[in-house]
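A look at the structure
Next come the chains, spelled out residue by residue.
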There are 2 protein chains.
Amino acid sequence: MNKIYVVGIGPGAYEKMTIEAAEVLKKCDVIIGYTVYIDLVKDHFPEKEFLSTPMRKEVERCVMAFEEANKGKTVAMICSGDAGVYGMAGLIHEVGKDYPETVVEVIPGVTAAVSGAAVLGAPLIHDFCLISLSDLLTPWETIENRLRAAGKGDFVCCIYNPSSAKRHDYLRKACDILLQYHSEDTVCGIVNNIGRDGETARVLPLRELRETEVDMFTTVFIGNSQTKVIDGKMVTPRGYRNV
Amino acid sequence: MNKIYVVGIGPGAYEKMTIEAAEVLKKCDVIIGYTVYIDLVKDHFPEKEFLSTPMRKEVERCVMAFEEANKGKTVAMICSGDAGVYGMAGLIHEVGKDYPETVVEVIPGVTAAVSGAAVLGAPLIHDFCLISLSDLLTPWETIENRLRAAGKGDFVCCIYNPSSAKRHDYLRKACDILLQYHSEDTVCGIVNNIGRDGETARVLPLRELRETEVDMFTTVFIGNSQTKVIDGKMVTPRGYRNV
């Protein structure tokens, strides 16, 4: 039976991968992924065949995975973080409709919300939502609607893709929406290059986050009404009746 | 410097732990955790000292960790899944205010939302929220408000703690709220005992989920308006403009 593993490699550093993910990469014949992710793992698996397609050529990358599997190879399709959170696990299943002879298995990994939270302290201890500010495949109105819902629900918010060359003011727009529901003193945090060289983190109030420039390697955390700063860390309590 | 690692061990199976988590457990002197989590790891680290407190004695467990660290031991406090998602990372920071000489480091792990999603297919590919139905520390009105917000925002919902002996009808109540915003055909999924013996998964429509008995080892996924079934798997597309 042909097999494709869709593998979340975690934030970047080899040791932040699961044992299972490393075992799959050891036993597979070919590793396919976006070049940035290939660069993160290739020194640890020097004997493997590596294949890639450019960014945004995700459908082609999935087709490539099934074509390689059809040659009898065991394929690992890698994603940073987790393959099932804004990753390739969904598209592989969609493209897989045309390849019923191939089995797909998703190997979960540590997504940036979780690895970034560990750097900041414990911002995601209670209910939270993940929102991507990329409007490539989602209308901005839908994203705005979600930000409003997150504000109304007093969810902690973790924001992926907070910025890009074309969307440099999106985080400010998101903060302005959340400021309609949250105090400007709401505890926030940003983490850059999680688990990679040059990792940095900062805890700051929402009013300062609004004025902060971030890039595509930044993950943003916006606290709920209970989130506090303890010894420089961003910490959300376990609920509203604290013991 | 005294040191406590707060370690997410993932869903249960040893290989679903990160390499970093396994290395920390290898090098620490004492492993502290709820007995169910201790049982998951102790065969892999037979030479370690293990300490525990009963369920709900979490503050005492944190104090125990700091007291052990004060004896000069390197301490690992373990949690299932990720330590920062409904885990002990927050409480350790809160209790740590009284122990300024001890450094706390959080080692992230694979939380049930991510590991359960991998079993079901790819339900969390786009924006989602995590909601716990436990009203031990959170008023039910707050939980209801969050479910309404999740419905209004068309978020995929992942539900933790969907049931217990005292809360056997909470999932039904949650489904009734979400049915005010979602079609009764909305694609849902449940996973039991993720990454442990007896793992089972099922994809079903929201109207059936409402009638389904779950237990405290179940993680529940409720799709958004775009979530579909592909070859028996629960798959959410990457957005609303699919390519």
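Here, every reference points to the structure presented above.
Okay, so let's go over this structure. (Residues numbered from 1 in each chain as written. Chains lettered and ligands numbered in written order. Predicted model: local features only at pLDDT ≥ 70, side-chain atom pairs only at ≥ 80, totals over all residues. Heavy atoms only, no water.)

Comments concerning the relation of the copies chain B and chain A
Superposing chain B onto chain A takes a rotation of 180° combined with a translation of 0.0 Å along the rotation axis, leaving an RMSD of 0.0 Å. This pairing of chains is accounted for by a two-fold axis. (Least-squares fit on C-alpha atoms with pLDDT ≥ 70 in both.)

A look at the pairing of strand 9 (residues 187–192) of chain B
Residues and elements named next belong to chain B. Most of strand 9 sits inside the fold, with six of its six residues counted as buried. In this sheet, strand 10 (residues 200–205) lies alongside strand 9 in antiparallel orientation, the contact comprising six bridges. Residue V187 lies in a different strand from strand 10, and its bridge partner there is P205. (Buried < 20%, exposed > 50% of the residue type's maximum accessible area, 1.4 Å probe, protein only. Helix = DSSP H or I, 4+ residues; strand = E, 2+ residues; numbered from the N terminus. Pairing = 2+ DSSP bridges.)

What about the pattern of salt bridges?
With the rule as written, the count across this model stands at 30 salt bridges over all chains. Residue D39 of chain A is joined to K42 of chain A by a salt bridge in which the shortest nitrogen-to-oxygen separation is 3.1 Å. The exposure class of D39 of chain A is partly exposed, given its relative accessible area of 47%. Notably, a salt bridge pairs R172 of chain B with E211 of chain B, separated by 3.2 Å at the nearest N-O pair. In this pair, R172 of chain B sits in helix 7 (residues 170–178) while E211 of chain B sits in the loop between helix 8 (206–209) and strand 11 (218–222), placing the two residues 39 residues apart along the sequence. (Salt bridge = Lys/Arg side-chain N within 4 Å of Asp/Glu carboxyl O.)

Digging into helix 6 (residues 140–152) of chain A
For helix 6 of chain A, with 13 residues, the first-to-last C-alpha span of 18 Å sits near the 18 Å given by 1.5 Å per residue. Where helix 6 of chain A is concerned, the buried positions are W140, T142, I143, R146, L147, A149, A150 and G151 of chain A. For helix 6 of chain A, the elements touching its buried residues are strand 7 (128–132), strand 8 (156–160) and helix 7 (170–178) of chain A together with helix 6 (140–152) of chain B. D154 of chain A sits one or two positions beyond helix 6 of chain A and adopts a positive phi of about 50°. (Expected span 1.5 Å × (residues − 1). Contact = heavy atoms within 4.5 Å.)

Overview of the sheet that holds strand 3 (residues 49–51) of chain A
Each strand in a sheet pairs with another by means of backbone hydrogen bonds, the pair being arranged parallel or else antiparallel. All names here are of chain A. Read from one edge of the open sheet, five strands run 3-2-4-1-5, paired in parallel fashion. Two strands bound the open sheet, and with one partner strand each, they are strand 3 and strand 5 (102–107). Each strand of the sheet is rotated relative to its neighbour by a mean of 25°, with strand direction disregarded. In terms of strand pairing, strand 1 (residues 2–8) meets strand 5 through six bridges, oriented parallel. Pairing of I4 across the sheet is with V104, part of strand 5. Contacting strand 1, strand 2 (30–32), strand 4 (75–79) and strand 5, helix 1 (residues 19–27) runs over the sheet at an angle of about 140° to strand 1. (Axes fitted to C-alpha atoms, helices over the stretch in contact; angles between N-to-C directions.)

Some points on the packing of aromatic side chains
Taken as a whole and assessed by the stated rule, the structure comprises 10 aromatic pairs over all chains. Aromatic side chains Y14 of chain B and F45 of chain B sit 6.1 Å apart centroid to centroid with 55° between the ring planes, which places their arrangement in the tilted category. Of this pair, Y14 of chain B sits in the loop between strand 1 (2–8) and helix 1 (19–27) while F45 of chain B sits in the loop between helix 2 (35–41) and strand 3 (49–51), placing them 31 residues apart in sequence. With relative accessibility at 22%, the residue Y14 of chain B sits in the partly exposed group. Here the aromatic rings of W140 of chain B and Y170 of chain B are separated by 4.7 Å at their centres, their planes lie at 50°, and the arrangement is tilted. Pair noted here: W140 of chain B is in helix 6 and Y170 of chain B is in helix 7, with a separation of 30 residues, a long-range link. Judged by its relative accessible area of 10%, W140 of chain B is buried. According to the relative accessible area criterion, Y170 of chain B is buried, its value standing at 11%. The ring of W140 of chain A carries the charged tip of K173 of chain A above its face, separated from the ring centre by 4.6 Å. (Phe/Tyr/Trp six-rings, centres within 6.5 Å; stacked < 30°, edge-to-face > 60°. Lys NZ or Arg CZ within 6 Å of the ring centre and 35° of its normal.)

Considering the state of the cysteines
All names here are of chain A. Scanning all chains against the criterion turns up zero disulfides over all chains. With no disulfide of its own, C28 lies 13 Å from the sulfur of C79, the closest cysteine sulfur. When its relative accessible area of 2% is taken as the criterion, C28 is described as buried. Lacking any disulfide linkage, C157 is separated from the closest cysteine sulfur, that of C129, by 3.9 Å. (Disulfide = S-S within 2.5 Å.)

Observations concerning the packing of helix 6 of chain A against helix 7 of chain A
Residue and element names in this part refer to chain A. Orientation of helix 6 relative to helix 7, taken along the N-to-C sense of each, is 40°, at an axis distance of 9 Å. Comparing their axes, helix 7 and helix 6 come out oblique. The element helix 6 and its partner helix 7 pack so that their crossing is right-handed. Judged by residue contacts, W140, E144, L147, R148 and G151 of helix 6 engage Y170, K173, A174, I177 and L178 from helix 7. Residues that form the contact of helix 6 with helix 7 fall into these classes: six nonpolar, one polar and three charged. (Parallel < 35°, antiparallel > 145°, perpendicular 65-115°, else oblique. Left-handed = near helix turned anticlockwise from the far one by under 90°. Nonpolar A, V, L, I, M, F, W, Y, C, P; charged D, E, K, R; others polar.)

What about a nonpolar patch on the surface?
Residues and elements named next belong to chain A. Taken together, the side chains of M55, M216 and F217 present a nonpolar region at the surface, about 310 Å² in accessible area. Along the polypeptide, F217 turns up in the loop between helix 8 (206–209) and strand 11 (218–222). Classification of F217 as partly exposed rests on a relative accessible area of 42%. (Patch = residues over 30% accessible without salt bridge, like charges linked within 9 Å, V, L, I, M, F, W, Y side chains within 5 Å. Areas by Shrake-Rupley, 256 points an atom, 1.4 Å probe, with all protein chains shown as cover.)

What to know about the side chain of K48 of chain A
Within the fold, K48 of chain A resides in the loop between helix 2 (35–41) and strand 3. Nearest to the buried, unbridged K48 of chain A among oppositely charged side chains is E47 of chain A, at 4.1 Å. (Lys, Arg positive; Asp, Glu negative; His and termini not counted.)

Comments concerning the sheet that holds strand 11 of chain B
Strand order in this open sheet of 10 strands is 10(A)-9(A)-11(A)-8(A)-7(A)-7(B)-8(B)-11(B)-9(B)-10(B), and the pairing throughout is mixed. Sheet topology places strand 10 (200–205) of chain A together with strand 10 of chain B at the edges, where each strand pairs with a single neighbour. Averaged over all adjacent pairs, the angle separating strand axes in this sheet is 15°, with direction ignored. Note: strand 7 of chain A against strand 7 (residues 128–132) of chain B, three bridges, orientation antiparallel. Following the sheet pairing, F128 of chain A is matched in strand 7 of chain B by L130 of chain B.

Let's talk about the interface of chain B and chain A
Residue-level contacts link 66 residues of chain B with 66 residues of chain A. The junction of chain B with chain A conceals about 5,800 Å² of combined surface from both sides, 61% of it contributed by carbon and sulfur atoms. Of all residues in chain B, the largest losses of buried area upon contact with chain A belong to L137, R146 and R238 of chain B, amounting jointly to 13% of the total for that side. When grouped by side-chain class, the residues that make up the side of chain B that touches chain A number 32 nonpolar, 17 polar and 17 charged. (Buried area = accessible area lost by both parts, 1.4 Å probe.)

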